[in-house]
Amino acid sequence: MGVSVEEFLKLLDELPEVRTSRGGDWVAVKVRGKGFGYLWEETETVGLKATIEEQLALVAERPDVFEVQFTAGRFGWVVVRLDRIDYDELFELVAEAWCLTAPKQLVAAFEAKHRIGG
């Protein structure tokens, strides 16, 4: 179990139009200029956009893996400890964060290609 920083960055290649940029101690993760994640390489943690309900559920279920980062509007950002999560679960959380942020047409095309969603 556990995902390295390098594996996390490679995982981002699976999602369309993701761009990263450095900002101080972190790497911002965006789709079409809108942020859905942050990576702190030094602490090997990732902050991801989620619904508030999912944020609270993740933290309540596994506080050794997840912690509340902040809330903004209807979203609750969650910190993920990379060394305590497996790749498939992390990919699912990153994809969900991406879907909450990407334009609807881009999400629909991604879901159709991967046979997920409606």
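This structure is a prediction, so every number in the text was calculated from the model and none was measured.

Visitor: Mind showing me how you'd approach the nonpolar core here?
Guide: Inside soluble globular proteins, nonpolar side chains tend to come together where they are buried. Ranked by internal contacts, the top residues of the largest apolar core, which has 32 residues, are Phe8, Leu48, Phe66, Leu90, Val94 and Trp98. Listed by contribution, the elements that provide at least two residues to this core are α1 (5–11), β2 (26–31), β3 (34–40), β4 (45–48), α2 (52–61), β6 (75–81), α3 (87–101) and α4 (104–114). Discounting chain neighbours no more than four positions away, the residues touching Phe8 are Val3, Val29, Leu39, Val46, Leu82, Leu90 and Val94.

Visitor: Hey, could you run me through the pattern of salt bridges in this one?
Guide: Should their charged atoms come close, side chains of opposite charge can pair. If you walk through the whole model with that rule in mind, you get six salt bridges. Across the salt bridge formed by Glu17 and Arg32, the nearest N and O atoms sit 2.7 Å from each other. Of this pair, Glu17 sits in the loop between α1 and β1 (18–23) while Arg32 is found in the loop between β2 and β3, placing the two residues 15 residues apart along the sequence. On the basis of relative accessible area, Glu17 is assigned to the partly exposed category, the value being 34%. The salt bridge partner of Glu89 is Arg62, with a shortest N-O separation of 2.9 Å. Of this pair, Glu89 sits in helix α3 while Arg62 sits in the loop between α2 and β5 (66–72), and the two are 27 residues apart along the sequence. Since its relative accessible area comes to 22%, Glu89 is described here as partly exposed. Members of the salt-bridge network, linked through shared partners, are Glu61, Arg62 and Glu89.

Visitor: Could you clarify how one ought to interpret unusual backbone geometry in this entry?
Guide: With the exception of glycine, most residues fall at negative phi, and the peptide bonds are largely trans. If you check the backbone angles, Arg32 has positive phi at about 45° while not being a glycine. If you check the backbone angles, Glu44 has positive phi at about 55° while not being a glycine. With respect to the helices and strands, the residue Glu44 is situated in the loop between β3 and β4.

Visitor: Can you help me understand α4 in this one?
Guide: Spacing of three or four residues puts side chains on the same side of an α-helix, whose turn is 3.6 residues. Every buried residue belonging to α4 is among Leu106, Val107 and Phe110, and all of these are buried. One face of α4 carries all of its buried residues, which in axial projection span an arc of 100°. Exposed residues pointing more than 90 degrees away from the buried face of α4 are listed as Lys104, Gln105 and Ala112. Its buried side turned inward, α4 meets β2 and α3. Count one or two residues on from α4 and you reach Arg115, which has phi positive near 55°.

Visitor: Just to check I follow, could you spell out the sheet that holds β6 for this structure?
Guide: The strands that make up a sheet pair up through hydrogen bonds in the backbone, lying either parallel or antiparallel. Ordered by their spatial adjacency, six strands build an open sheet running β1-β2-β3-β4-β6-β5, and the pairing between neighbours is antiparallel. Of all strands in the sheet, those bounded by a partner on one side alone are β1 and β5. Neighbour-to-neighbour, the strand axes of this sheet turn through a mean angle of 20°, independent of strand direction. Where β2 and β3 come together, five bridges link them in antiparallel fashion. Bridge pairing links Val29 to Gly37 in β3.

Reading the values: the criteria
- Residues numbered from 1 in each chain as written.
- Predicted model: local features only at pLDDT ≥ 70, side-chain atom pairs only at ≥ 80, totals over all residues.
- Heavy atoms only, no water.
- Core = buried A, V, L, I, M, F, W, Y, C linked by side-chain atoms within 4.5 Å.
- Buried < 20%, exposed > 50% of the residue type's maximum accessible area, 1.4 Å probe, protein only.
- Helix = DSSP H or I, 4+ residues; strand = E, 2+ residues; numbered from the N terminus.
- Contact = heavy atoms within 4.5 Å.
- Salt bridge = Lys/Arg side-chain N within 4 Å of Asp/Glu carboxyl O.
- Arc of directions from axis to C-beta.
- Pairing = 2+ DSSP bridges.
- Axes fitted to C-alpha atoms, helices over the stretch in contact; angles between N-to-C directions.

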